[in-house]
Amino acid sequence: MTELSSLPPAQAVVIGAGIVGNSLVSHLAELGWTDLVLLDKGPLPNPGGSTGHASNFIFPVDHSKEMTQLTLESMRQYRNAGVFTESGGIEVARTEGRMQELHRRMASAKAWGIDGVRLLTPAEVKELVPYIDESVIVGGFYSPTVGIVDSLRFGTIMRERAQAKGALSVFASTEVVGIDVEQGRVSRVRTTRGELETAVVVVCCGVWSPLVARMAGASIPLTPAVHQMIDVGPVPHFKDTTGVIEFPIVRDMDTNMYERQDGSGLEIGSYAHRPILHDPEDLPSVEAAALSPTEFPFTQEDFTQQLEDALELIPDVLGNEAVGIKYAINGILSLTPDGLPLLGETPEVKGLWSAAAVWVKEGPGVGKSIAEWIVRGESEIDLQSSDIARFYDCQKSREHVRARSAEGFNKTYGIVHPAEQWDSNRNVRLSPFHAREVDLGAVFFETAGWERPHWYESNADLLDEYGDRIARREAEWESRWWSPLINAEHLAMRDRAAMFDLTAFCIFDVTGPGALDAVQRVAMRRLDVAPGKIVYTPVLSPSGTFKSDLTVMRLGDERFRVVTGGAHGMADLKWFRDHLPADGSAQIADLTSAFTTLGLWGPRARDILSSLTSDDVSNESFPFATCRTIELDSLRVLASRISYVGELGWELYVPIEQGAKLWDLVWEAGRPHGVVPAGIGVYGTTGRLEKCYRAFGFELDADYDVIEAGMAWGTVKAPDFVGKDAHVRHRESDPVAVLCTLTVDDHSSKDGTKRYMLGREPVLSKSGEPLVDARDRRSFVTSAGAGPSIGKHILLAYLPPERAVVGEELLVEFMGEHYPVTVATDDSTSVFDPENARVRS
Amino acid sequence: MRILVAVKRVPITGGRIVLTDDGQAIQTRHLGFTISPHEECGVEEAVRIVEAQGGEVVVLTLGPAEAEEQLRECMAIGADRGIHLVSDEEWDAQATAAALVEAIRAEAPFDLIVFGNESADAGNYQVGIRVAYALGLPIVTGLKGLVVSDGRARAEQETASGRDVYEVGLPAIVTVKEGLNLPRYPSVPAKLRANRKPVAAQAVGRPPSRLQKLRLVVPAGRGKQAEILGRGPEAAPAVVEIMRRLGVA
Ligand SMILES: Cc1cc2nc3c(=O)[nH]c(=O)nc-3n(C[C@H](O)[C@H](O)[C@H](O)COP(=O)(O)OP(=O)(O)OC[C@H]3O[C@@H](n4cnc5c(N)ncnc54)[C@H](O)[C@@H]3O)c2cc1C
Ligand SMILES: Cc1cc2nc3c(=O)[nH]c(=O)nc-3n(C[C@H](O)[C@H](O)[C@H](O)COP(=O)(O)OP(=O)(O)OC[C@H]3O[C@@H](n4cnc5c(N)ncnc54)[C@H](O)[C@@H]3O)c2cc1C
């Protein structure tokens, strides 16, 4: 075999020939890259990774749009390669609560454009899967396009495609033992068969990825974990079947198990056992592994309850003494702290990419998306939730990864509420206000490791004060992770004033002689403004869709302070870093942990602030969208007059150690004015939705452009910026969808219970048909929440232009029922205070 | 019929064997455990005899607490109960035989006592014979065929030229080899039943060993090797030839 060292420098080295690495090399070649090298430490075609023992089935419907898009793209590729066998699949429910969840699956399918799914009665399930005992279930969710794939064969086909183009060299039994980094960039890969120069390395090493990334000084935060699977047979029901699979795959959701035909046998897998985590260091070598490095000995005691559960559902097969357990493994796969893949260039090392924690069902879609991202700077499918740059350092620790992975494991088939909070490893990042908030009975939700009050129990009195103006939620689902106190705090803010803990903001300064050019290049809106101005701006991808939205304060000629949401902050930081001028004329400093932010908003905000300062905070002297340093009592505070809740007020920034003092000052000064502490429930939902403010990751993503989002205010600035050409093109054509605000006309369900949408529900025509725009995108609720001041439940949704008409009557599907809604605004005009008088008062 | 089968917990090896740093044991961190294929056949044979003729199959092991797993595997195949002599120490063949003899005496009488021909790890080829000697029972070793009826056993050994056939009156001891039968896969109900079957566990102390282990050495092997027999249809004759050699075609 040729030595690696004899090759010319590679355009990219892909490490790992599992489903991901194989897919990736083919797509890189497709996009015109050559001199690609694929390495694996194991033999081909099955080098011993997780791909080799996957059950290989694919269910397309997921609540996450991103995951669904990746899966649908993967299914398309598997079908085209002729390695997909459609079997259909049924998620069965044993409980009423699960049946509700299956209604939500129906809604997600409709929202993401997956047709043909339907709910089944137990008898209908029995008809499709004659060997199950329908008496233990209450229904099922049928996806006819579910199927299995031959992932090893697909991998071979993908490699061969790239090889046929003359673009790829493949080296099996070649282990990467080092990755050299020069000036923060990948330069060379060292292997057991020599070295190779390259500027791009993609780690597709599945459960080994953390080890390989570490060779370059980067982190891929995942943990190897066990997923148990057994194979039983021969199954008499399969005697006359000729294919590998002719019966639908069954997911027994409530027991966290699945049963799928495999020729004459039945594979039974489980996510029900205790989380069994391993360390990547602990995986055996190919030589020392008894079976494969990712097949650990079966631990029978973890599967006992599962046998009982499976026997209960399919007694006809499993109760048969002639059907034996032929094979049983503890298979190893990757778990991550938030359950999502780890994709993209690592923030630590330029040119070092991660494509890890990916399942067979997403492998080819991820391969294509990563190839596009590498070659073109962005992928067609928005990978924002999977972006490896999303983590803060504290979220990469071994203990954090293990704690969250362990907690998430048993939720693999779980009924997970959209606002569900993690239990493990909390109280990691505490704001300087934390002790005060605890005293005030704050109920904390976590974002990016920060504990943020979502509402305060100490505001209970407000419930009496506002009485009927606060809609109570009758159904358990919408009351989960929610409190009427959110609406009460909202009303108190609109009437008086409220204090918000915004410490979770991600803050970074761009400085230096090249700072203006640097921020101008990234921001869509003009930043050549006078110092003291604040600009809220979209940040665009090359194709003119949303990469982020954030605010920038110009603090000086050569200093810009970027403030962005905590959840996406680290990815924004990387995006800005990646676009710094090459000549070193601008620098970035991450100040997230240097400053705390206290929000003060409401009609009384100025009264409160002026009682603490002799500086002029009048509207004339301190207008909207400006910032300056003022003195509050003994503190020097950067006050920034903007608002995400549509009120007069300020974000107040001080060094983090002075935060407690700032809180006390504002609190004491605010009491005579009736200030209340208010949580993120107001800041992120009710306050913002009444103002129809868009949120990144909800309304704003790579699927929609600025014009569709109704944010193309003013003219296009002269200097070049990322996405400009595309943005100009978008302005020249009519939008294919329009972001609208809708209000719910009637909340009553068939049984009379009032129901409140939470987001992601499909929007339908009055006759119940999905709305589809000319780019084949379905209309769905991007955000939903109460509007206590307008007394209505508010929904945001992109609608096809012909439906985006004020007064248009539509339906929204929620929990299997349809609710009437009406379009309230068809642009960014808000449903509360449409003239924006309050923020400018 | 009362039949006792002696089984031993051994690691499942497949890849390169890795020793512990002190060379005293093999590294089992990544290894599963099982009983040898010989013993599996022994259990299967005993269960078949009792299924046909009635009676009881008892499985006996000397080993660490975890060896209960192996007793349960045997009970999932159909054994009725287990006897577990619990010890964490390593026993040589002589001491093992002595401990087994004592346990067998306490449970006697048995019509048939079954051993594997040799254990999968130590391969001492002697525990069964020592037990037979101590109990004063006849023994036939290395069996690939066994028929039990009317108080007698017909026992067949495979030889290079054919089979040697013995007849022995019961009670007797046999040591058996893989190929005696094709053991069944346990069914799900059998697995679940096995969890409820009784295991009598009792700690045993190891007598001073007369054998001293210096250290283990892994013989230089060829490691895992894959031979490509050909591609596409041309590979078929080579595959058939291998199947012939393995006796499956
Ligand atoms: C029992 C079981 C059943 C499953 N069933 C399904 C299913 O039905 N559907 C589904 O979608 N998913 C399923 N999965 C998950 C799926 O198997 C994995 O998520 C997927 O195969 C991961 O693919 P990969 O390419 O990322 O990693 P892998 O297939 O593990 O490939 C990584 C490769 O990197 C190589 N490598 C690592 N380190 C180095 C190095 N230093 N140098 C060179 N090479 C290196 C390894 O040898 C390996 O070949 C299942 C998993 C298990 C355990
Ligand atoms: C080179 C060689 C040639 C031989 N040739 C002949 C021959 O021609 N004719 C002949 O009759 N004999 C022959 N023997 C002896 C005979 O094959 C074996 O001695 C006999 O089968 C017993 O094996 P063993 O129990 O000593 O092996 P071991 O490896 O010690 O164990 C064998 C069995 O003992 C039981 N056992 C062991 N440890 C435990 C434990 N901890 N708990 C419960 N059960 C246990 C198991 O059933 C196991 O399968 C030969 C031996 C050797 C080494």
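The model shown is predicted, which means the values in this text are computed figures rather than measured ones.

Parameters and conventions
Residues numbered from 1 in each chain as written. Chains lettered and ligands numbered in written order. Predicted model: local features only at pLDDT ≥ 70, side-chain atom pairs only at ≥ 80, totals over all residues. Heavy atoms only, no water. Contact = heavy atoms within 4.5 Å. Buried area = accessible area lost by both parts, 1.4 Å probe. Salt bridge = Lys/Arg side-chain N within 4 Å of Asp/Glu carboxyl O. Polar contact = N/O pair within 3.5 Å; in protein donor to acceptor, adjacent residues only side chain to side chain. Core = buried A, V, L, I, M, F, W, Y, C linked by side-chain atoms within 4.5 Å. Buried < 20%, exposed > 50% of the residue type's maximum accessible area, 1.4 Å probe, protein only. Helix = DSSP H or I, 4+ residues; strand = E, 2+ residues; numbered from the N terminus. Near = heavy atom within 4 Å. Areas by Shrake-Rupley, 256 points an atom, 1.4 Å probe, with all protein chains shown as cover. Pairing = 2+ DSSP bridges. Axes fitted to C-alpha atoms, helices over the stretch in contact; angles between N-to-C directions. Expected span 1.5 Å × (residues − 1). Phe/Tyr/Trp six-rings, centres within 6.5 Å; stacked < 30°, edge-to-face > 60°. Lys NZ or Arg CZ within 6 Å of the ring centre and 35° of its normal. Patch = residues over 30% accessible without salt bridge, like charges linked within 9 Å, V, L, I, M, F, W, Y side chains within 5 Å.

Let us look at the interface of chain B and chain A. The partner chain A presents 25 residues to the 21 residues of chain B that form the contact. Buried area between chain B and chain A, both sides added, is near 1900 Å², and the carbon and sulfur share of it is 59%. For the chain B face of the interface with chain A, the top three residues by lost area are His30, Tyr185 and Val188 of chain B, together amounting to 31%. For the pair chain B and chain A, the interface holds two salt bridges. Measuring nitrogen to oxygen at the nearest pair gives 2.3 Å for the salt bridge that ties Arg29 of chain B to Asp282 of chain A. Our count for the contact surface shared by chain B and chain A stands at six residue pairs in polar contact (both at pLDDT 80 or more).

This next bit is on the nonpolar core. Residues and elements named next belong to chain A. If you look at the biggest cluster of nonpolar residues, it comprises 43 residues, and the most contacted ones within it are Leu28, Tyr78, Val202 and Ile370. For this core, the secondary-structure elements that each account for two or more residues are strand 1 (12-15), helix 1 (19-30), strand 2 (36-39), helix 2 (65-80), helix 5 (151-164), strand 21 (352-356) and helix 9 (363-376). For this core, the element with the most residues is helix 1, which contributes six residues. Among all residues touching Val202, those that are not within four sequence positions of it are Val13, Val14, Ile15, Leu24, Trp353, Ala355, Ile370 and Ile374. Counting 35 residues, the second largest nonpolar core, distinct from the first, contains Leu39, Cys205, Ala218 and Ile332.

Further remarks concern the site of ligand 1. All names here are of chain A. Around ligand 1, the surrounding shell holds 34 residues, and the nearest of these are Asp40, Ser50, Thr51, Val358 and Lys361. A distance of 2.6 Å separates an oxygen atom of ligand 1 from a polar atom in the side chain of Asp40. Lys41 places a main-chain nitrogen or oxygen 3.1 Å from a nitrogen atom of ligand 1. Considered on its own, ligand 1 offers 1000 Å² of accessible surface; in the complex 98% of this is hidden by protein. Going through the elements one at a time, helix 1, strand 14 (223-233) and strand 19 (324-335) are the ones with two or more residues in the shell around ligand 1.

With that settled, the discussion passes to the site of ligand 2. All names here are of chain B. Around ligand 2 sit 23 residues in total, of which Glu39, Asn117, Tyr125, Gln126 and Val127 are the nearest. Within the backbone of Leu62, a nitrogen or oxygen atom sits 3.0 Å from a nitrogen atom of ligand 2. A distance of 2.8 Å separates an oxygen atom of ligand 2 from a polar atom in the side chain of Thr141. Considering ligand 2 on its own, with 980 Å² of exposed area, one finds that the protein chains cover 70% of that surface. Sorting the residues of the shell around ligand 2 by element identifies strand 4 (56-63), helix 3 (93-107), strand 6 (112-116) and helix 4 (127-135) as the ones contributing at least two each.

For the rest of this paragraph, the subject is the sheet that holds strand 13 (residues 201-203) of chain A. All names here are of chain A. Reading across the sheet, the six strands line up as 9-2-1-13-21-20 and stay open at both edges, with mixed pairing between neighbours. Where the open sheet ends on each side, the last strands, each with one partner, are strand 9 (168-171) and strand 20 (342-345). Across the sheet, the axes of successive neighbouring strands diverge by a mean angle of 20°, strand direction being ignored. In the packing of helix 1 onto the sheet, contacts are made with strand 1, strand 2, strand 9, strand 13 and strand 21, and the angle to strand 2 comes to roughly 175°. Together, strand 2 and strand 9 form the strand contacts of helix 5, whose direction differs from that of strand 9 by roughly 135°.

All names here are of chain B. When the terminal C-alpha atoms of helix 3 are compared, their 21 Å separation across 15 residues agrees well with the 21 Å that a helix rising 1.5 Å per residue should span. Residues of helix 3 that are buried include every one of Ala93, Ala95, Thr96, Ala97, Ala99, Leu100, Val101, Ala103 and Ile104, and no others. In this structure Asp92 caps helix 3, since a side-chain oxygen of it lies 3.2 Å from the backbone nitrogen of Gln94.

Residue and element names in this part refer to chain A. Per the counting criterion, the structure on display carries 26 aromatic pairs over all chains. Stacked on the ring of Phe59, the Lys or Arg Arg251 has its end atom at 4.0 Å from the ring centre. Looking at Arg688, its charged tip hangs above the ring of Phe698, at a distance of 5.8 Å from the centre.

This brings us to the side chain of His63 of chain A. Residue and element names in this part refer to chain A. Within the secondary structure, His63 is located in the loop between strand 3 (57-58) and helix 2. One polar contact links His63 to Glu101, side chain to side chain, over a distance of 2.8 Å. In terms of polar contacts, His63 uses its side chain to reach the side chain of Ser108, at 2.7 Å.

The next subject is a nonpolar patch on the surface. Residue and element names in this part refer to chain B. Side chains of Leu229, Val239, Met243, Leu246 and Val248 sit close together on the surface and give an oily, nonpolar patch of about 450 Å² of accessible area. Inspection of the secondary structure assignment puts Val248 in the segment after helix 6 (236-246). Take Val248: its relative accessible area is 62%, and that puts it in the exposed class.

Glancing now at the pattern of salt bridges. All names here are of chain A. Scanning the model with the defined rule gives 76 salt bridges over all chains in all. In this structure, the salt-bridge partner of Asp302 is Arg274, at a minimum N-O distance of 2.7 Å. Pair noted here: Asp302 is in the loop between strand 18 (295-296) and helix 7 (304-313) and Arg274 is in the loop between strand 17 (265-270) and strand 18, with a separation of 28 residues, a long-range link. For Arg274, a relative accessible area of 45% gives the class partly exposed. In the salt-bridge network here, residues are joined through shared partners; they are Glu91, Glu101, Arg104, Arg105 and Arg251.

Honestly, that's just the spatial picture; any functional story needs more than this.
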